[in-house]
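Summary of the model geometry
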Amino acid sequence: MIDEKSPKELLIGALENNNTVSILLTGPSGSGKTHTIEAVLEAKHIKRQYIAAIFAPVTVEGWQSLMGELLRDQIRVLVIDHIEDMPMLAQSAMFHTFSNTYGDLSSFPDSSYRVRAIFTSVKTVAELRSNADIIMPHVYDRISQLIIRFYPLTSVENVWGRFKEVWSAMKFSDNNSLPKEGSLRTWISSNIDKMNGNYRDLEKLAIRWHNRRLLGFDEDRILAHINREYQEIGFGAEPEQDGAIFHIPQPNGTTVNWTTIEADFRRYLREWAVKEFGSSAEAAGRLGVSNRTLDRWK
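Here goes a summary of the coordinates provided. Keep in mind that this is a model prediction, so the values were computed, not measured. Per chain, the residues get numbers from 1 upward, laid out in the order the sequence is written. The predicted origin of the model limits local features to residues at a pLDDT of at least 70 and limits the giving and counting of side-chain atom pairs to 80 or more, whereas totals for whole chains, interfaces and linings rest on all residues. Side-chain calculation: all heavy atoms of the structure are included, whereas hydrogens and water are not.

Here we look at the pattern of salt bridges
What counts as a salt bridge is simple: a side-chain nitrogen of Lys or Arg found within 4 Å of a carboxyl oxygen of Asp or Glu. In the structure shown here, the tally under the stated rule is eight salt bridges. Look at the salt bridges and you will find they share partners, linking Glu38, Glu42 and Arg48 into a network.

Here it is as structure tokens:
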């Protein structure tokens, strides 16, 4: 179930709640987590610092040193990106620093100074909560006081509203008036299911639209260029294609030997190559085998 409030509204509420210490933002890559954090913290004039979880301190002393730096710089929000990448030693040191030394996640280096910790992850809540190989259970409990879920653009109702937010955030110095709503809004709605890069696609769309506007193109011509460009190279990452992945068969109680796997793989490879290169002859040439050999792989 998608929250009635937007992630931005939920984050504002969390920061305004004095009892909220840690906030966990989850959602697929490009779904707007960092964009939302920055927009909210900038609007509220909150000093923040970002660290990548993979480079987090692995000792209690390291965390204490980091906390000291935050205190000196009067940082009020610490954003830890991609918590799923945090090494176990770092997780353990973070937990012991916050839990055993200072009593809670926010009071460091003493109880007079409070900071909010925001954690981000591309994993689902279920993956983080139930997989101890990613996050230690006691660490997950501590970092997830409040959870805000971000969703891909295909699940967002007001996509045009999201584009307007992205356009505003880009802060183009000249010609910053929003593109006309009509044709562009219809185009975005028609192509939203292809935007696998999520918010990054909207950012690229805004950048390319603005660039052509600076070149003096009118809006119809810009949209024609954008449409052609999207058809030729797309905007975001392409989804993984199952057809290009060979799956090892599951035994299901029987023995799967190498001969069976090899035969299945050759059959798969032949089907993929013929489809990829257009004919058996072309596929055989690309794979460096004879037509007869390729035919035996059926």
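Section: the sheet that holds strand S2 (residues 48-52)
Strand pairing requires that DSSP identify at least two bridges connecting the strands. For the purposes of this entry, the term helix denotes a DSSP run of H or I that reaches at least four residues, the term strand denotes a run of E that reaches at least two, and both are numbered from the N terminus. With parallel pairing, the five strands of this open sheet are ordered in space as S2-S3-S4-S1-S5. Either end of the sheet is taken by a strand with one partner, and the two such strands are S2 and strand S5 (146-149). Looking at each pair of strands side by side, their axes are set apart by 20° on average, direction ignored. Where strand S1 (residues 22-26) and strand S4 (residues 116-121) come together, five bridges link them in parallel fashion. Looking across to S4, one finds that serine 22 is bridged to alanine 117. Whether two residues are in contact is decided by their heavy atoms: any pair within 4.5 Å suffices. Between N-to-C directions, angles span 0 to 180 degrees; the directions come from axes that are lines fitted to C-alpha atoms, helices contributing only their stretch in contact. Packed on one face of the sheet, helix H1 (residues 7-16) meets S1, strand S3 (77-81), S4 and S5 and runs near 165° to S5. Helix H2 (residues 33-43) rests against S1, S2, S3 and S4 of the sheet, and its axis sits at about 160° to S2.

Quick look at the environment of serine 279
Within the secondary structure, serine 279 sits in the loop between helix H11 (258-277) and helix H12 (280-287). Within the structure, serine 279 has its side chain in polar contact with the backbone nitrogen of glutamate 282 (distance 3.1 Å). Counting of polar contacts relies on pairs of N or O atoms within 3.5 Å, with two restrictions inside protein: one atom must be capable of donating a hydrogen and the other of accepting it, and residues adjacent in sequence are counted only when both atoms are side-chain atoms.

Looking at the packing of aromatic side chains
Stacked, tilted and edge-to-face are the three classes applied to pairs of Phe, Tyr and Trp rings, where Trp contributes its six-membered ring and a pair requires centres within 6.5 Å; stacked means planes under 30 degrees apart, edge-to-face means over 60, and tilted covers the rest. Under the definition given, this model contains three aromatic pairs. A ring pair is formed by phenylalanine 265 and tyrosine 268, whose centres lie 6.1 Å apart and whose planes are at 35°; its orientation type is tilted. Within this pair, phenylalanine 265 and its partner tyrosine 268 are both found in helix H11, separated by three residues, close to a single helical turn. Residue class for tyrosine 268 comes out buried when judged on its relative accessible area of 18%. For the cation-ring pair, arginine 221 lies above phenylalanine 217, with the distance from its terminal atom to the ring centre recorded as 3.8 Å. Categorising residues by exposure relies on relative accessible area from a 1.4 Å probe, with only protein chains included: less than 20% of the type maximum marks a residue as buried, more than 50% marks it as exposed, and the intermediate range marks it as partly exposed. The criterion for a charge sitting over a ring is simple: Lys NZ or Arg CZ within 6 Å of the ring centre, and within 35 degrees of the ring normal.

Details of the layout of surface pockets
The rolling of a water-molecule-sized probe over the atoms marks out the regions of remaining empty space. Counted as a void, the second largest pocket has a volume near 240 Å³. Using a 1 Å grid laid over the protein atoms alone, points where a 1.4 Å probe fits but cannot get out form a cavity; open sets with protein on both sides within 12 Å along at least 5 of 7 lines form a pocket; any residue with an atom within 4 Å of a point counts as lining. Gly30, Gly32, Lys33, Thr34 and Arg200 are, among the 14 residues lining the second largest pocket, the residues nearest its centre. Elements that contribute at least two residues to the lining of the second largest pocket include exactly H2 and helix H9 (199-214). Gly falls in the polar group here, along with every residue not listed as nonpolar (Ala, Val, Leu, Ile, Met, Phe, Trp, Tyr, Cys, Pro) or charged (Asp, Glu, Lys, Arg). Broken down by class, the residue content of the lining of the second largest pocket amounts to two nonpolar, eight polar and four charged. Grid points are joined across faces, edges and corners, and a volume is the space filled by probe spheres set on the points.

Details of the side chain of threonine 36
Structurally, threonine 36 is set in helix H2. Exposure remark for threonine 36: the relative accessible area of 8% places this residue in the buried category. Not counting the four nearest positions on each side in its chain, threonine 36 is found in contact with Pro7, Lys8, Leu11 and Phe150.

Points about the side chain of arginine 116
Tracing the backbone shows arginine 116 in strand S4. Here the positive residues are Lys and Arg and the negative ones are Asp and Glu; neither His nor the chain ends is included. Nearest to the buried, unbridged arginine 116 among oppositely charged side chains is glutamate 16, at 9.4 Å. A distance of 3.3 Å separates a polar side-chain atom of arginine 116 from the backbone oxygen of leucine 15.

What to know about the packing of helix H7 (residues 159-170) against H9
Orientation of H7 relative to H9, taken along the N-to-C sense of each, is 60°, at an axis distance of 9 Å. When the axis of H7 is compared with that of H9, the two are oblique. Of the two possible hands of crossing, H7 and H9 adopt the one that is right-handed. Touching Arg162, Phe163, Val166, Trp167 and Met170 of H7 are Tyr199, Leu202, Glu203, Leu205, Ala206, Ile207, Trp209, His210 and Arg213, all from H9. Taken together, the residues that form the contact of H7 with H9 break down as 10 nonpolar, one polar and three charged. Relative orientations are named as follows: roughly parallel for angles under 35 degrees, roughly antiparallel for angles over 145 degrees, roughly perpendicular for angles from 65 to 115 degrees, and oblique for any other angle. By convention the crossing between two helices is left-handed if the near helix lies anticlockwise of the far one by an angle smaller than a right angle, and right-handed if it lies clockwise.

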